[in-house]
Amino acid sequence: MHLRNDQSRRSFLKASAVTGGGLMLTFNLGTAKAATATEANIGAFVRIAPDNTFVIMAKSVDIGQGVKTSLPMIIADELDVDWSQVKVELAPLDTEKFGAQNVGGSTTIPRNWDNMRRVGAAARQMIVSAAAKMWKVPEGELTTGSGVVTHAASNRKATYGELASKAAAQTAPDLKTVKLKDPKDFKIIGKPTRDVDAPKIVVGQPLYGIDVQAPGMLAATFERSPVFGGKLVKANIDEIRAMPGVRKVVVVEGITGKGDPARQNGIEAGVAIVADTWWQAQTARRKLRVEWKDGPTGLQSNANWEKTALEFAKKEPQFNIRKDGDPDATFKGAAKVIEATYSYPFLAHATMEPMNSTASFNNGKFEVWTPTQNAAAARTSISKVMGIDEKDILVHPTQRSGGGFGRRAQPDPAVEAAWIAREVGNGTPVKLVWSREDDIRHDNYRPAGYHHFKAGLDAQGKLIALTDHFVSFGENGKFAPMCQLGDNIFPAEFVPNLSYGASLMQLGTPMGPLRAPGSNALSFVFMSFLDEVAQASGRDPLQFHMDLLAEKRVAAKAAAPAANGQPRPPGFDAERMRGVLQLVADKSGWGKRTMPKGTALGMAYYFSHAGHLAHVIEVTAGKDEVKVNKVWVAGDIGSQIVNPIMAESQVQGAVLDGIGQALGQQVTFANGRVQQGNFDDFPLLRMNEAPPVEVHFNITGNPPSGIGEPALPPVHPALANAIFAATGKRVRSLPFNKAAGFAV
Amino acid sequence: MAYTLTVNGTSRTVDVDPSTPLLWVLRDQMSLVGTKFGCGVGMCGACTVHVNGQAVKSCSMPVSAVGEQPITTIEALSENPIGKRLQEAWLDVDVAQCGYCQAGQLMAATALLSKVPQPSDADIDTHMSGNLCRCATYIRIRKAIKQAAGVAEKKEG
Ligand code: FES
Ligand code: FES
């Protein structure tokens, strides 16, 4: 990550007149030495209108995670105005002014919490200074509230709106030391606050990339090589050109991307059809006949991988990831040894709003509208692929995105739209919309994986050794992107004799982050296997885990992998985990309730994205199906829940997302081609399958962290463990409907 | 081919191929983009509109099949008293996450309450299961429907 140098370390404030009166206060917050030093150069601005209303910029985009509401809430509270006085605007892409604007990894709250507070507090401080000077009274005698400064002793009041121009002339306070509110005085933070776009959502106003409209706009579809990296040999282009409404057919040769995932900074080979309307383009596409040259990735298939993985699992790992003590010797002397093989499939993201982007190209310049988690990356990718300077590419992130889940961190739809717009030329805007089949078949997938576990217990039922041979993807001892197993993965550091090793298979299709990347699969295999170990130990799972977690307080290396250049958030803390485990046990009545035969509870916990989460799931096993009755969740995401109404919703959504994945989702390959295509064979959870989810938070004195992701990983193992408790059958591969006897 | 449709009380003529789904007529010809594209095959409900008061997946209805039946889209839902009540409940409960599916959810929920004013959980399951929400806001959708219908929430646990 790019850190700006010394000259802008000083925090300063710029004031400028705003059309229509009022004043714009632009804060360029200090850089490397900023209070939390988590961001290079975070800025945010507050616009104060003479009528004492406030426009607060949301620096980052909303993909359904609620930050367009929660970030301005933080500023508004420290500014000491009422939420009803605030209007939120989405900031344009301007990383100089706003710092990193990408969203993902549940990082938006942890890396902006402190900075946004300081932005609000600095603005308030300058307004207070202006009032103190005007009334010639000490600042300490002034109080604020609802956008009004009051001097009680002389019974004088002034609104922020009246003070705005004087405030702008004040020297900006030092952001590192600007006085922040005592959290007990928060009026907006911590209060359930409705999404700022909700009134527009319920009346169907255009907010999304797919809604972009522009005069003279054309529509495009793009038939990509069915195998990643494949090439076009020939196609019936002339016939397609003559179809109704078709304006242009663009053959894209394809550029192999160089990036992570491999799709980044490249473009797939294919045929783009540009027409007056999307339906015309799509209708023409159905007549398209293409001969493809698949290349080596055309050979990849699930059948081959599964065979190879089983062979590998029997051998020694190709390389070692971590080794503590001597697991092999320990197994020999163990009272009990448990062995099991687990697996999980590739997954697509299937955001509800299909991938799309709109672009125009005129006089060597691009203008692009894209629903994205990372507009800056889209700009960089377009620049690299097209050879156009970044300053000639104007990227507008759209007001909202119809889901992200990591998929929109990748810029490929924006690059494709730009490519097609350049071929069309003349500044004509072209909107590229992917079909659902395009979306499922050309994703950056959550990688599949296979784990062969072995565990040893001593005579007292204590876990003394554990090994994992992970069969994954990559080459020459290097994991493919997203396919790694970290040396810090739990229960590392909690078991004295432990080794993780890996063997790799070839993979030609790009992988990418999916909600709670890494953890969303590792949690299932590790926490299910640990439940097997708990059962073998003869202890109740709750007791087994409490004993395991009693070993050590904080795992030194167990922190979530830090995003580029970001400091590591607080790591796995056994005490915090015990806290949520106890809470969820209490709330679910673990071990306290008598349940009818066939009904049982399963539990699992996981640390990811700085969050400690523990779940209990109740299921009832019928003759050939398992019904999920209810889910209890306890989470510890630090000292402050910024917006409780949204935090609860994120947890519920993540839990149901996980259940949907566990029950029926998988992407499989044959001849290098994805075999699924729409919601019939890649099913999402539906209303009739959604159980109630009860959410509790354990408030602890730790820095606030995000909640978009960490509630997902414990779902799959808690469900598998519940199914075991109810039926005696252990499900070791996802999705569960694959396992015989479970039409869940 | 020219078709005259009555959409949100206004009659409008479009010239499109008879196979064109109503969804794309609304979005591309009439700029009514509140109705969303999600799957194109009738599996997600993002495109739900009312045709003659019935919830219909507009991606799967060719324009040639509409005839004279009146169409209502999310843009005019608040003119329907049930729709309006549901929109208010949606805001009160703060149902949406990304919000993309919610136009379809509201159209489907309005059709449900028009038929079954006091729906049971089973009614909600039956009528709302054709509408996917990738963010999985189902718990709040259920709550908002019950709130708008004045039905008490079942006590859980
Ligand atoms: S777009 Fe019509 S049902 Fe999915
Ligand atoms: S709110 Fe995102 S799909 Fe429903």
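K.L.:
Quick question: what am I supposed to make of the overall build of chain A here?
P.N.:
What chain A contains, in helices and strands, is 17 helices and 29 strands. Here chain A has a C-alpha radius of gyration of 27 Å; the compact-globule value for 744 residues is 27 Å, and the two agree. Counting only residues that meet the buried cut, chain A has 64% of its 744 residues in that class. The contacts in chain A between residues at least 6 apart in sequence include a share of 76% that link residues at least 24 apart. When the accessible surface of chain A is summed, it comes to about 26900 Å², and 50% of that surface belongs to carbon and sulfur atoms. With 83 positive and 73 negative side-chain charges, chain A shows a separation of 2 Å between the mean positions of the two kinds.

K.L.:
Can you walk me through unusual backbone geometry in this structure?
P.N.:
Note: most peptide bonds trans; most residues except glycine with negative phi. Between phenylalanine 490 of chain A and the following residue, proline 491 of chain A, the backbone shows a cis peptide bond with an omega angle of 15°. In this fold, proline 491 of chain A is placed in the loop between β22 (478-479) and β23 (497-505). The amide bond that connects leucine 734 of chain A to the next residue, proline 735 of chain A, takes the cis arrangement and shows omega of -10°. With respect to the helices and strands, the residue proline 735 of chain A is situated in the segment after α17 (715-727). Look at serine 31 of chain B: it is not a glycine, yet its phi comes out positive at around 55°. Looking at the secondary structure, you find serine 31 of chain B in the loop between α1 (22-29) and β3 (48-51).

K.L.:
In this structure, what is going on with the pairing of strand β26 (residues 626-636) of chain A? I would like to understand it.
P.N.:
One face of the sheet, then the other: side chains in a regular strand alternate in exactly this way. All names here are of chain A. Among the 11 residues of β26, 10 are classified as buried, and the element is accordingly described as predominantly covered. Pairing analysis gives 10 bridges linking strand β25 (residues 611-621) to β26, with the strands arranged antiparallel. Within β26, the position partnered with alanine 621 by the bridge is valine 626. The hairpin formed by β25 and β26 contains 4 residues between the paired strands. Of the pairings in the sheet, the one linking β26 to strand β29 (residues 693-697) comprises 5 bridges and is parallel in character. What sits directly across from glycine 635, in β29, is phenylalanine 697.

K.L.:
Honestly, the interface of chain B and chain A in this entry has me stumped. Any pointers?
P.N.:
How large an interface is tends to be reported as the accessible area lost when its parts come together. Across the contact, 49 residues belong to chain B and 59 residues belong to chain A. Our count for the contact surface shared by chain B and chain A stands at 4 salt bridges. Of the charged contacts, one joins aspartate 211 of chain A and arginine 27 of chain B as a salt bridge, the two residues approaching to 3.2 Å between their closest N and O atoms. Sorting the residues of the side of chain B that touches chain A by element identifies α1, α2 (81-93), α3 (102-115), α4 (121-128) and α5 (138-149) of chain B as the ones contributing at least two each. For the side of chain B that touches chain A, the leading source of residues is α5 of chain B, giving 5 residues. Tallied by class, residues from the side of chain B that touches chain A come to 25 nonpolar, 14 polar and 10 charged.

K.L.:
Can you help me understand the side chain of aspartate 573 of chain A in this one?
P.N.:
Among the structural elements, aspartate 573 of chain A can be located in the loop between α14 (541-549) and α15 (574-588). Look past the residues within four positions of aspartate 573 of chain A in its chain and what remains in contact with it is Arg553, Val554 and His612 of chain A.

K.L.:
It is not clear to me how the packing of aromatic side chains should be interpreted in this structure. Could you clarify?
P.N.:
Residues and elements named next belong to chain A. Evaluated as defined, the whole model comprises 26 aromatic pairs over all chains. Seen from their ring centres, phenylalanine 346 and phenylalanine 669 are 5.2 Å apart, and the 80° between their planes marks the pair as edge-to-face. A residue pair is termed long-range when its members are at least 10 positions apart, and phenylalanine 346 in the loop between β15 (336-344) and β16 (356-362) and phenylalanine 669 in strand β27 (residues 669-670) qualify at 323 residues. Positioned above the aromatic ring of tryptophan 419 is the side chain of arginine 422, whose terminal nitrogen or guanidinium carbon lies 4.7 Å from the ring centre.

K.L.:
Just to check I follow, could you spell out the pattern of salt bridges for this structure?
P.N.:
Between side chains of opposite charge, pairing is possible as soon as their charged atoms come close. Residue and element names in this part refer to chain A. Scanning the model with the defined rule gives 46 salt bridges over all chains in all. In this structure, aspartate 547 and arginine 539 form a salt bridge, with 2.4 Å as the shortest nitrogen-oxygen distance. Of the residues examined, arginine 539 reaches a relative accessible area of 23% and is grouped as partly exposed. A cluster of three or more residues bridged by salt bridges with shared partners is formed by Asp62, Lys68, Asp195, Asp197 and Arg400.

K.L.:
Whenever I open this one, the sheet that holds β29 of chain A confuses me. Can you help?
P.N.:
Note on sheets: strands pair through backbone hydrogen bonds, and any given pair is parallel or antiparallel. Residues and elements named next belong to chain A. Here 4 strands make up an open sheet; going across it, the order is β24-β25-β26-β29 and the pairing mixed. Unpaired on one side and paired on the other, β24 (599-608) and β29 mark the two borders of the sheet. Between one strand axis and the next, the sheet turns by 15° as a mean value, whatever way the strands run.

Cut-offs applied
Residues numbered from 1 in each chain as written. Chains lettered and ligands numbered in written order. Predicted model: local features only at pLDDT ≥ 70, side-chain atom pairs only at ≥ 80, totals over all residues. Heavy atoms only, no water. Helix = DSSP H or I, 4+ residues; strand = E, 2+ residues; numbered from the N terminus. Rg over C-alpha atoms; globule rule 2.2 N^0.38 Å. Buried < 20%, exposed > 50% of the residue type's maximum accessible area, 1.4 Å probe, protein only. Contact = heavy atoms within 4.5 Å. Areas by Shrake-Rupley, 256 points an atom, 1.4 Å probe, with all protein chains shown as cover. Lys, Arg positive; Asp, Glu negative; His and termini not counted. Charge placed at Lys NZ, Arg CZ, Asp CG, Glu CD. Pairing = 2+ DSSP bridges. Salt bridge = Lys/Arg side-chain N within 4 Å of Asp/Glu carboxyl O. Nonpolar A, V, L, I, M, F, W, Y, C, P; charged D, E, K, R; others polar. Phe/Tyr/Trp six-rings, centres within 6.5 Å; stacked < 30°, edge-to-face > 60°. Lys NZ or Arg CZ within 6 Å of the ring centre and 35° of its normal. Axes fitted to C-alpha atoms, helices over the stretch in contact; angles between N-to-C directions.

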